[in-house]
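Structural characterization, general
This is what each chain is made of:
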Amino acid sequence: MTRKAFLFLFLLSILGKLIAQDQPADSLLADLLQESVPESSDLLPEKMLFTQRFFWGDNGLYRKVGLAPKVLTSENRERELKIRRGMFRFHQGLGLATAAAMVAQGIVGAKLYKSYDSDLKDIHEGIATGINIGYFSTALLSFTSPPPMVNRSRFDNIKLHKILSVVHLSGMITTNVLARQIDDSANPANLKKWHRGVAMTTFGAYSLAIASIKFEF
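The notes below deal with the structure included here. Source: prediction; values computed, not measured.

So, how was this worked out
- Residues numbered from 1 in each chain as written.
- Predicted model: local features only at pLDDT ≥ 70, side-chain atom pairs only at ≥ 80, totals over all residues.
- Heavy atoms only, no water.
- Axes fitted to C-alpha atoms, helices over the stretch in contact; angles between N-to-C directions.
- Helix = DSSP H or I, 4+ residues; strand = E, 2+ residues; numbered from the N terminus.
- Parallel < 35°, antiparallel > 145°, perpendicular 65-115°, else oblique.
- Left-handed = near helix turned anticlockwise from the far one by under 90°.
- Contact = heavy atoms within 4.5 Å.
- Nonpolar A, V, L, I, M, F, W, Y, C, P; charged D, E, K, R; others polar.
- Core = buried A, V, L, I, M, F, W, Y, C linked by side-chain atoms within 4.5 Å.
- Buried < 20%, exposed > 50% of the residue type's maximum accessible area, 1.4 Å probe, protein only.
- Phe/Tyr/Trp six-rings, centres within 6.5 Å; stacked < 30°, edge-to-face > 60°.
- Lys NZ or Arg CZ within 6 Å of the ring centre and 35° of its normal.
- Salt bridge = Lys/Arg side-chain N within 4 Å of Asp/Glu carboxyl O.

This part is about the packing of helix H5 (residues 74–114) against helix H8 (residues 189–212). Pairs of packed helices are described in terms of their axes, by the angle between the two and the distance that separates them. At their nearest, the axes of H5 and H8 sit 11 Å apart, and the two run at 155° to each other. The angle between the axes of H5 and H8 places the two elements in the roughly antiparallel class. In this structure, H5 crosses over H8, and the sense of that crossing is left-handed. Across the interface between the two elements, Gly 95, Leu 96, Thr 98, Ala 99, Met 102, Val 103, Ala 110 and Tyr 113 from H5 touch Lys 192, His 195, Arg 196, Phe 203, Tyr 206 and Ile 210 from H8. A per-class count over the contact of H5 with H8 returns 9 nonpolar, 3 polar and 2 charged.

As structure tokens, this is what we get:
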């Protein structure tokens, strides 16, 4: 068994254990569910993602067009945190479904590398489309959710999850660019090696990102 095949099977086994867990909530979800609006705190954190500030800030788009209250109160902020929790649940479920599709794509891709088949290539491209829709929808849920009460500065599993998200987001973009170049290339053999390597790295980072919010440290 090659090193790449062993690594893929190892990551696949980790992902399978994560998906098979019976517990309905993980550490990050527990943090979200416990989050509330203290009377003495500021209603919005000092630091937010650009997208969160754009949509949910004091002068955010949603407040200007009436999708969120223009005057932010403790009660309104509590409702926004409930929206955040709901979006996170959807983010988590869609993320797991996307990870399962990545596993299927790895299996189909491995067969396609060994022996080219036009029907198999169509399946490969179809799964890729589904992965892209699922992945970027998952990312959109994270980027556009209402901000938490406090963005913690310490390094923990949530911070690791965010760092890994930068890695797998970069990998997803690179994988798509290489896939397009392979289709347009007269000699795609070298590009296929890069495409496969980046795809496995992306899946590895994505799996670890899921693991980082399943296990507390």
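Moving on, there is more to tell.
Ranked by size, the top nonpolar core spans 13 residues in total, and within it Met 102, Ile 131, Tyr 135, Met 172 and Tyr 206 carry the most contacts. The set of elements that each furnish at least two residues to this core consists of H5, helix H6 (118–143) and H8. With 5 residues, the single largest contributor to this core is H5. Once you skip the residues sitting within four places of it in the chain, Met 172 turns out to touch Met 102, Ile 131, Asn 132, Tyr 135, Phe 136 and Thr 202.

Turning next to the packing of aromatic side chains. In this description, an aromatic ring pair is defined by two values, namely the gap between the centres and the angle between the planes. Scanning the model with the defined rule gives 6 aromatic pairs in all. Here Trp 56 and Tyr 62 contribute two aromatic rings whose centre-to-centre distance is 4.9 Å and whose plane-to-plane angle is 85°, an arrangement assigned as edge-to-face. Note on Trp 56: relative accessible area 6%, which makes it buried. Here the basic side chain of Arg 196 rests over the ring of Tyr 113, its NZ or CZ set 5.0 Å away from the ring centre.

What follows covers the pattern of salt bridges. Overall, the coordinates contain 5 salt bridges when judged by the stated rule. Among the ionic pairs, Arg 63 bridges to Glu 80, the shortest N-O distance being 2.9 Å. With Arg 63 in helix H4 (residues 61–65) and Glu 80 in helix H5, the pair connects residues that are 17 residues apart, well separated along the chain. You'll find Arg 63 and Glu 80 in the same group, each marked buried. Glu 78 serves as the salt-bridge partner of Arg 85, at 3.6 Å between the closest nitrogen and oxygen. If you follow the salt bridges from partner to partner, you end up with Arg 63, Arg 77 and Glu 80 in one network.

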